[in-house]
Amino acid sequence: MLSDALKHKFDTVIARYPLKRSAIVPLLLFAQDEIGHVSDEAVEEIARRVGVRPIEVVEDIGYYSMLHRKPVGRYHFQVCTNISCMLRGGEEIFAHCAKKLGIGHKQTTPDGLFSLEEVECLGACCGAPAMQVNYDYYENLTPEKIDELIEKLRRKDQGSRIKD
Amino acid sequence: MVDLIKLTIDGKPVAVPPGTLLIDAAKQMGIEVPSFCYYPGLSLQGACRMCLVAIEKMPKLQTACTTVVGNGMVVHTETPEVANARKAMLEFLLTNHPLDCPVCDKGGECELQDAVFRYGAAETRFLETKQHEEEKKFSSLVYYDRPRCILCYRCIRVCDEGMDVNAYGIGFRGAHSEIIPNRGEHLECEECGACIDICPVGALTSGTYRYKTRPWEVTYTGTVCNHCGDGCKTTLSVRNNVVIRANNRDHSGVNGEFLCVKGRFGWDFVNSEQRLTSPLIRKNGKQEEASWEEALAHTAERLQAVLAQHGPGAVAVIGSNRTTNEENYLLQRFARSVLGTNNLDHHRTADFSSLVRALTEAGAADRHATIEEIGAASSILVIGNDPTHQHPLIAYQVRQAVRQHGARLYVVNAGEIKLRRQASQYLQVSPRGEAEAVRALAGQVTASQDLCTGEAEALPTFAQALTKESDTVVIFGDEIQGQGVGDLVRWGLTLSGRTRFVALGDYANSRGAADMGLFPDTLPGYQPLSSEAARQQFESAWGSNLPTTSGRNLRSILEGIRAGEIKALLVFGANPVRTFKLEKAAFAGLQFLFVAELFRTETAEFADIVVPATSFAEKSGTMTNTCGQVQALKRTMRKAGTRSDLEILLALARLFGQKWPYQSSEDVLREIIALVPGYGIPLPGLLVGHAVATRPEGAPPPLERPDLVFSSRDSLFTSGTLSRYSWALNSVDEAKKPYGHAF
Ligand code: SF4
Ligand code: SF4
Ligand code: SF4
Ligand code: FES
Ligand code: FES
């Protein structure tokens with residue numbers, strides 16, 4: 001079930017555009033923020049609201065690599081291996097993440113905490129090698145920094161579970 | 001007259017109407033500009049860049065498929081620059097293409113193969129490993145091979161614009177782009193296979209044809225689909241006496257390239273292992289295999305015994321909705337002049353008689369619309385029926401009329417049929433309220449309170465809008481019958497222009513069965529049996545007297561059997577037990593039941609004699625579609641052990657001591673042309689595969705009782721007996737949807 005807050009958000013976003021279908025991408029991002037991926041239900045709902053067929057929404061999701069049809073990890077590691085990062089060790093960072101997390105490109109850890117993806121330029125070349133985790137950027141990465149980050153995120157997750 | 005646009009293509013002058021696309025102008029001159037994404041009748045895409053041509057004074061090469069002709073244009077379609085550009089485009093298209101032509105289904109009829117052959121893009125500069133994707137099964141009938149796909153969007157557009165199903169999209173991006181189906185990994189659609197047919201390469205392949213043959217190893221025969229009443233022309237591909245594909249190869253005829261799922265895949269009942277191949281005779285209560293000679297001799301004997309003991313009134317004949325005109329004609333001759341009975345009928349799925357009667361009375365016998373006229377109409381009124389399911393070609397023509405030239409569609413229906421999507425006015429009425437709606441539209445009655453479920457003003461608004469139209473084509477289902485047809489025709493003819501009519505009958509030759517006089521009270525060509533002149537015409541041609549009193553209609557035949565008054569029944573290509581939901585007891589009073597059929601149907605199970613009939617693929621003859629257009633059926637193959645209904649009737653007549661002058665179905669057709677009013681059609685057109693319109697005119701008696709005319713309401717995936725023996729039609733999940741589902 002989509003939350004009322006999300007549905008309300010849909011309404012306000014659609015109202016901003018002269019052509020309803022122009023709102024598809026922002027709506028998808030909001031849906032993904034809430035659900036973690038774009039579920040079938042979200043696809044149907046968005047299609048209905050902007051007046052297109054569901055398959056047209058699916059087409060858009062496929063076009064944008066940042067939109068996911070299937071659940072990804074709670075922390076989605078997007079490691080850049082494009083030119084600047086590659087020259088500064090991006091591929092090694094990616095390999096390190098893969099080894100440390102025990103997963104490969106577009107895979108998720110069994111506990112659903114982490115997922116990994118090799119991506120193109122994040123627009124953060126000045127801080128290469130760079131990576132994006134959900135919406136946060138991490139720059140000038142080294143294997144040690146990766147290890148620290150993973151530890152921190154694990155602890156954070158446990159903390160939130162205890163609180164639950 | 002608009003001024004033509006004058007331009008020069010490859011040094012030759014040409015004049016074409018304004019708005020013509022360059023690619024079409026070139027085609028008119030016999031110049032083929034290669035194209036992948038361009039497809040006549042579909043929206044423009046401009047995706048493949050194969051159609052690049054050089055236009056003088058334009059800086060770069062232009063796409064001929066999206067460029068509109070202009071006065072004084074000088075165009076070159078084959079310069080070295082053009083050839084180079086096309087070669088480069090092909091090199092890109094082949095970047096990830098597997099080049100598995102030697103095993104690909106499309107090899108030999110592939111547009112990509114042809115183009116590469118023409119421009120020689122065989123070597124490539126791309127050294128990277130090709131991206132591979134496994135083939136995907138979209139449904140039991142449609143498979144997709146991503147690496148072969150050249151992303152021309154034809155499949156997407158034909159499904160959106162031709163079928164109004166919208167089942168496809170493009171997923172992902174760049175070199176990873178691929179065609180995606182509407183239900184995750186699967187298609188949920190009408191399964192028409194148009195996307196497979198239109199795919200220029202071997203990316204979409206057919207569940208019944210794939211990897212079975214090469215296109216040059218099969219024989220092709222143009223014939224007519226045997227399912228619904230629309231009469232699509234089709235080409236059967238036959239290999240080793242097995243049909244493996246159907247498509248309308250040359251896109252000619254009433255349907256162009258259209259075929260629905262039944263036409264494209266549902267022919268496979270022909271190959272069914274359950275086909276009867278030997279006559280069966282009931283001995284000691286059990287049906288046992290017997291020879292043809294024994295079965296036919298036995299039939300003649302038993303019939304003669306019943307005739308001798310109880311007279312011709314104790315014999316009845318039920319004819320078929322899917323046998324040929326020639327067979328139906330001979331069947332009524334056999335019943336009338338050999339058995340001496342008018343106890344003759346068939347399952348009437350539309351009231352053609354009342355239509356002919358009403359049009360003749362109004363002096364408008366030429367107002368039958370053809371399939372092509374539906375597609376060209378400016379205004380169409382559809383009353384009752386669900387054409388998307390029951391008449392897929394007519395539904396397609398209606399959609400085309402709306403899409404291609406803005407026709408207005410008016411729908412009167414109790415259900416929310418799919419065609420309402422195209423309707424400019426939609427009048428929803430209470431169940432079976434269509435006939436009342438017609439009377440109300442005609443101003444004969446004021447609509448009752450609960451007739452229109454929508455708003456109060458719906459009916460007057462609807463009627464008002466129709467009066468502004470002209471040349472309307474009126475299409476109606478079994479909801480309008482008897483008196484109702486007269487009401488409709490009289491009112492329809494008051495609309496302005498040439499109003500034309502179509503009655504929708506269920507099966508491939510429902511119309512032909514009516515035209516050929518499979519009625520207890522009507523002779524061929526809708527001539528009343530009571531007419532001395534009509535009777536005499538046939539009597540003198542056949543050299544025998546015809547019984548003068550009307551026989552029993554189908555309901556009355558069934559009642560007569562129950563009452564023990566009918567002792568012998570002959571059934572040709574029909575399954576009354578299922579159609580009328582009869583119990584075995586219903587036939588208890590019969591002394592003799594004869595059935596000619598393809599399969600051991602519920603009716604055949606009760607029979608004393610069953611003979612195996614040939615299917616449409618194994619015989620020649622003619623069929624008349626629901627619009628009254630005659631087309632030729634051509635024999636494509638043989639089936640050992642079977643005989644056509646025509647051969648069966650000729651043999652029976654011989655056993656009755658008759659000397660009938662026919663050697664082939666063509667002999668019978670010549671007699672039909674000479675004797676049956678409205679069938680005076682030119683033979684040559686028919687033989688080269690045209691659909692020739694008939695013009696029946698007559699005064700058949702009014703419909704005796706309303707329960708004689710009823711449609712079976714077949715869906716897209718059913719077709720009476722035949723579909724039950726089709727693997728393809730039963731293999732798709734969509735067949736399990738509730739009746740009338742709109743995809
Ligand atoms: S088979 Fe299905 S997907 Fe293909 S054109 Fe027909 S309706 Fe569309
Ligand atoms: S599947 Fe065939 S028709 Fe569809 S885009 Fe690919 S090549 Fe074109
Ligand atoms: S529309 Fe009717 S005649 Fe045409 S292919 Fe389908 S079933 Fe056959
Ligand atoms: S190349 Fe990695 S951020 Fe630009
Ligand atoms: S045919 Fe012109 S761009 Fe494809």
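Residues numbered from 1 in each chain as written. Chains lettered and ligands numbered in written order. Predicted model: local features only at pLDDT ≥ 70, side-chain atom pairs only at ≥ 80, totals over all residues. Heavy atoms only, no water.

Asks: Would you mind going over the overall build of chain B with me for this structure?
Replies: Along chain B, the regular secondary structure elements total 25 helices and 30 strands. Here the C-alpha radius of gyration of chain B, 28 Å, is about what a compact globule of 743 residues would show, namely 27 Å. Expressed as lengths along the three principal axes of its C-alpha atoms, the size of chain B is roughly 90 × 60 × 50 Å. Taken over 743 residues, chain B has a buried fraction of 62%. For chain B, long-range pairs separated by at least 24 residues make up 70% of all intrachain contacts whose partners lie at least 6 apart in sequence. When the accessible surface of chain B is split by element, carbon and sulfur atoms take 51% of a total near 28,200 Å². Where the 77 positive side-chain charges of chain B centre and where its 83 negative ones centre are 2 Å apart. (Helix = DSSP H or I, 4+ residues; strand = E, 2+ residues; numbered from the N terminus. Rg over C-alpha atoms; globule rule 2.2 N^0.38 Å. Buried < 20%, exposed > 50% of the residue type's maximum accessible area, 1.4 Å probe, protein only. Contact = heavy atoms within 4.5 Å. Areas by Shrake-Rupley, 256 points an atom, 1.4 Å probe, with all protein chains shown as cover. Lys, Arg positive; Asp, Glu negative; His and termini not counted. Charge placed at Lys NZ, Arg CZ, Asp CG, Glu CD.)

Asks: Explain the overall build of chain A here, please?
Replies: The helix and strand tally for chain A stands at seven helices and five strands. Residue pairs at least 24 apart in sequence account for 59% of intrachain contacts in chain A once pairs closer than 6 positions are excluded. For chain A, the accessible area works out to roughly 9,300 Å², and carbon and sulfur atoms hold 53% of it. For chain A, the separation between the mean place of its 22 positive charges and that of its 25 negative charges on side chains is 3 Å.

Asks: Explanation requested: the interface of chain B and chain A in the structure shown.
Replies: Where interface size is given, it is often the accessible area lost as the parts come together that is meant. Each partner contributes to the interface: chain B provides 11 residues, whereas chain A provides seven residues. Among the residues chain B hides against chain A, the three largest losses belong to Asn166, Phe172 and Arg173 of chain B. Together they make up 53% of the total. At the boundary of chain B and chain A, one finds one salt bridge. Residue Arg53 of chain A pairs with Asp160 of chain B through a salt bridge whose shortest N-O separation is 3.7 Å. Seen at the junction of chain B and chain A, the total is three residue pairs in polar contact (both at pLDDT 80 or more). Listing elements by their share of the side of chain B that touches chain A, those giving two or more residues are β8 (168-171) and β9 (178-181) of chain B. Top contributing element to the side of chain B that touches chain A by residue count: β8 of chain B, with three residues. Looking at the side of chain B that touches chain A residue by residue, the classes come out as six nonpolar, three polar and two charged. (Buried area = accessible area lost by both parts, 1.4 Å probe. Salt bridge = Lys/Arg side-chain N within 4 Å of Asp/Glu carboxyl O. Polar contact = N/O pair within 3.5 Å; in protein donor to acceptor, adjacent residues only side chain to side chain. Nonpolar A, V, L, I, M, F, W, Y, C, P; charged D, E, K, R; others polar.)

Asks: Looking at this structure, how should I read the packing of helix α1 (residues 4-15) of chain A against helix α2 (residues 24-35) of chain A?
Replies: The description of two helices packed together rests on the angle between their axes and the distance between the axes. Residues and elements named next belong to chain A. Closest axis-to-axis distance for the α1/α2 pair is 10 Å, and the angle between their directions is 165°. Classified by the angle their axes make, α1 and α2 are roughly antiparallel. Between α1 and α2 lies a crossing of right-handed hand. Across the interface between the two elements, Leu6, Lys9, Phe10, Val13 and Ile14 of α1 pack against Pro26, Leu27, Phe30, Ala31 and Glu34 of α2. Class assignment for the residues of the contact of α1 with α2 results in eight nonpolar, no polar and two charged. (Axes fitted to C-alpha atoms, helices over the stretch in contact; angles between N-to-C directions. Parallel < 35°, antiparallel > 145°, perpendicular 65-115°, else oblique. Left-handed = near helix turned anticlockwise from the far one by under 90°.)

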